[in-house]
Amino acid sequence: MRKKIVAGNWKMNMTFEEGQTLTSEILNMMKDEHSGEAIAVLNPPFPHIFPVKKLIGQAKGVFIGAQNCSDKEAGAFTGEVSAKILASFGAQYVIIGHSERREYFKESNEILATKVKLALANGLTPIFCCGESLEIRTAGTHEPNVKFQLTEGLFDLSPEDFSKIVIAYEPIWAIGTGKTASSEEAQDMHAALRRHIASKYGKDIADNTSILYGGSCNPKNAQELFAKPDVDGGLIGGASLKSRDFVDIIKSF
């Protein structure tokens with residue numbers, strides 16, 4: 001049975017004190033209010049990973065992740081952080097291929113495929129992002145475009161390794177714009193991605209792959225989105241910086 005996951009992407013936000021406060025509030029609310037099956041994954045900036053992990057401790061249903069990792073194992077790469085280093089600090093998940101990394105840092109599908117393999121080799125669960133721009137959506141080529149991202153980034157993996165992947169679908173035109181894909185649009189794309197996975201790895205693996213929605217999900221629309229059969233949670237940006245909003249999204253299942 002595939003996992004229900006709500007992953008918070010803090011992006012480049014939160015001072016040390018703010019991050020500690022936010023994490024503590026989320027943990028307390030989860031303990032007091034959440035009894036469902038959905039898990040939370042906090043993905044703060046790199047310096048927060050160890051202190052946030054310490055706060056989480058043995059808390060049920062809350063995990064720590066990173067927003068990125070290097071495509072190199074180690075070496076003279078100033079400013080980069082390897083999957084091995086992340087794992088040594090207790091990270092359990094890592095976001096790979098976020099639209100901002102693809103756009104601003106020109107990360108190719110080839111680079112992302114390498115990152116995925118390094119993450120898996122170091123025991124991290126990749127949250128692999130894919131999605132389309134407004135131009136591609138308007139042209140009606142969004143489905144083959146996003147399928148191509150999956151093919152190039154993930155389809156070299158063995159069935160065993162692919163089974164460890166989480167997918168996050170990002171309609172890029174709905175990130176930070178206040179626009180949201182309708183629940184029907186989200187379901188259509190998630191179902192198309194699941195069929196594409198099944199074409200390569202078979203129905204059992206496809207049915208057990210968690211596919212998250214990553215486009216301006218908030219407490220007002222989360223329940224409708226999560227009610228769709230192929231939407232298994234969310235990759236949350238702005239709303240993950242507010243403990244009340246983030247926990248309410250988790251409780252939307």
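Residues numbered from 1 in each chain as written. Predicted model: local features only at pLDDT ≥ 70, side-chain atom pairs only at ≥ 80, totals over all residues. Heavy atoms only, no water.

**Things to note about the overall build of the protein chain**
Reasoning step 1: Tallying secondary structure elements over the protein chain gives 12 helices and eight strands in all.
Reasoning step 2: Its C-alpha atoms give the protein chain a radius of gyration of 17 Å, near enough to 18 Å, the size a compact globule of 253 residues would have.
Reasoning step 3: Oriented by its inertia axes, the alpha-carbon framework of the protein chain measures out at about 45 × 45 × 35 Å.
Reasoning step 4: Counting all 253 residues of the protein chain, 52% fall into the buried class.
Reasoning step 5: Once local pairs closer than 6 in sequence are excluded, the contacts in the protein chain between residues at least 24 apart make up 71%.
Reasoning step 6: Approximately 11,700 Å² of the protein chain is accessible, and the part contributed by carbon and sulfur atoms is 52%. (Helix = DSSP H or I, 4+ residues; strand = E, 2+ residues; numbered from the N terminus. Rg over C-alpha atoms; globule rule 2.2 N^0.38 Å. Buried < 20%, exposed > 50% of the residue type's maximum accessible area, 1.4 Å probe, protein only. Contact = heavy atoms within 4.5 Å. Areas by Shrake-Rupley, 256 points an atom, 1.4 Å probe, with all protein chains shown as cover.)

**Focus: the pairing of strand β2 (residues 39–43)**
Look at any regular strand and the pattern is simple: side chains alternate between the two faces of the sheet.
Reasoning step 1: Most of β2 sits out of view: five of its five residues are buried.
Reasoning step 2: With burial as the criterion, each face of β2 is covered, one bearing Ile 39, Val 41 and Asn 43 and the other bearing Ala 40 and Leu 42.
Reasoning step 3: Traced from strand β1 (residues 5–9) through helix α1 (residues 16–33) to β2, the parallel crossover comes out right-handed.
Reasoning step 4: By the bridge criterion, three bridges tie β2 to strand β3 (residues 62–66) in an arrangement that is parallel. If you follow Ala 40 over to β3, its bridge partner there is Val 62. (Right-handed = clockwise from strand over helix to strand, strands pointing away. Pairing = 2+ DSSP bridges.)

**So, the environment of Gly 8**
Reasoning step 1: Looking at the secondary structure, you find Gly 8 in strand β1.
Reasoning step 2: Sequence separation of Gly 8 and Leu 235 is 227 residues, and the distance between their C-alpha atoms is 6.0 Å.
Reasoning step 3: When neighbours within four sequence positions are excluded, Gly 8 is seen to be in contact with Val 41, Leu 42, Asn 43, Ile 236, Ser 240 and Phe 246.

**With respect to the pattern of salt bridges**
If the charged atoms of two oppositely charged side chains come close together, the side chains can form a pair.
Reasoning step 1: The tally for this structure, following the rule as stated, stands at 17 salt bridges.
Reasoning step 2: When the shortest N-O distance is used, the salt bridge between Asp 232 and Lys 4 registers 3.6 Å. In this pair, Asp 232 is assigned in the loop between α11 (222–226) and β8 (233–236) and Lys 4 in the segment before β1, connecting sequence segments 228 residues apart.
Reasoning step 3: Asp 230 is the salt-bridge partner of Arg 194, the closest N and O atoms lying 2.5 Å from each other. One end of the pair, Arg 194, is in helix α9 (residues 183–201); the other, Asp 230, is in the loop between α11 and β8, and 36 residues separate them in sequence. Both residues of the pair, Arg 194 and Asp 230, belong to the buried class.
Reasoning step 4: Residues participating in the shared-partner salt-bridge network are Arg 2, Lys 4, Arg 194, Asp 230 and Asp 232. (Salt bridge = Lys/Arg side-chain N within 4 Å of Asp/Glu carboxyl O.)

**Observations concerning the packing of helix α5 (residues 109–121) against helix α7 (residues 142–154)**
Reasoning step 1: Viewed as axis vectors pointing N to C, α5 and α7 meet at an angle of 50°, and their least axial separation amounts to 7 Å. One way to sum up the angle between α5 and α7 is to call them oblique. For α5 against α7, the interelement crossing comes out right-handed. Counted together, Asn 109, Ala 113 and Val 116 of α5 and Phe 148, Gln 149, Glu 152, Gly 153 and Leu 154 of α7 form the full contact between these two elements.
Reasoning step 2: Tallied by class, the residues present in the contact of α5 with α7 amount to four nonpolar, three polar and one charged. (Axes fitted to C-alpha atoms, helices over the stretch in contact; angles between N-to-C directions. Parallel < 35°, antiparallel > 145°, perpendicular 65-115°, else oblique. Left-handed = near helix turned anticlockwise from the far one by under 90°. Nonpolar A, V, L, I, M, F, W, Y, C, P; charged D, E, K, R; others polar.)

**Considering the environment of Pro 44**
Reasoning step 1: Relative to the assigned elements, Pro 44 resides in the loop between β2 and α2 (49–56).
Reasoning step 2: Note on Pro 44: relative accessible area 1%, which makes it buried.
Reasoning step 3: For the pair Pro 44 and Gly 153, spaced 109 residues apart in sequence, the C-alpha separation works out to 24 Å.
Reasoning step 4: When neighbours within four sequence positions are excluded, Pro 44 is seen to be in contact with Trp 10, Ile 49, Val 52, Ile 64, Gly 65 and Gln 67.

**Remarks on the layout of surface pockets**
Reasoning step 1: Estimates place the volume of the largest pocket at around 450 Å³.
Reasoning step 2: In terms of lining residues, the largest pocket is bounded by 18 residues, among which Met 12, Gln 67, Asn 68, Arg 101 and Phe 105 are the most central.
Reasoning step 3: Ranked by the residues each element gives to the lining of the largest pocket, the list is headed by helix α4 (residues 99–104), at three residues.
Reasoning step 4: Looking at side-chain class alone, the lining of the largest pocket contains eight nonpolar, six polar and four charged residues. (1 Å grid on protein atoms, 1.4 Å probe; cavity = no way out; pocket = protein on both sides within 12 Å on 5 of 7 lines; lining within 4 Å. Points joined across faces, edges and corners; volume = space filled by probe spheres on them.)

**Regarding the side chain of Ser 243**
Reasoning step 1: Structurally, the position occupied by Ser 243 is in helix α12 (residues 243–250).
Reasoning step 2: Given the relative accessible area of 8%, Ser 243 is considered buried.
Reasoning step 3: Here Glu 25 takes part through its side chain, which lies 2.7 Å from a polar atom of the side chain of Ser 243.
Reasoning step 4: In this view, Ser 243 contacts Leu 22, Glu 25, Ile 26 and Met 29; residues no more than four positions away in its chain are not counted. (Polar contact = N/O pair within 3.5 Å; in protein donor to acceptor, adjacent residues only side chain to side chain.)

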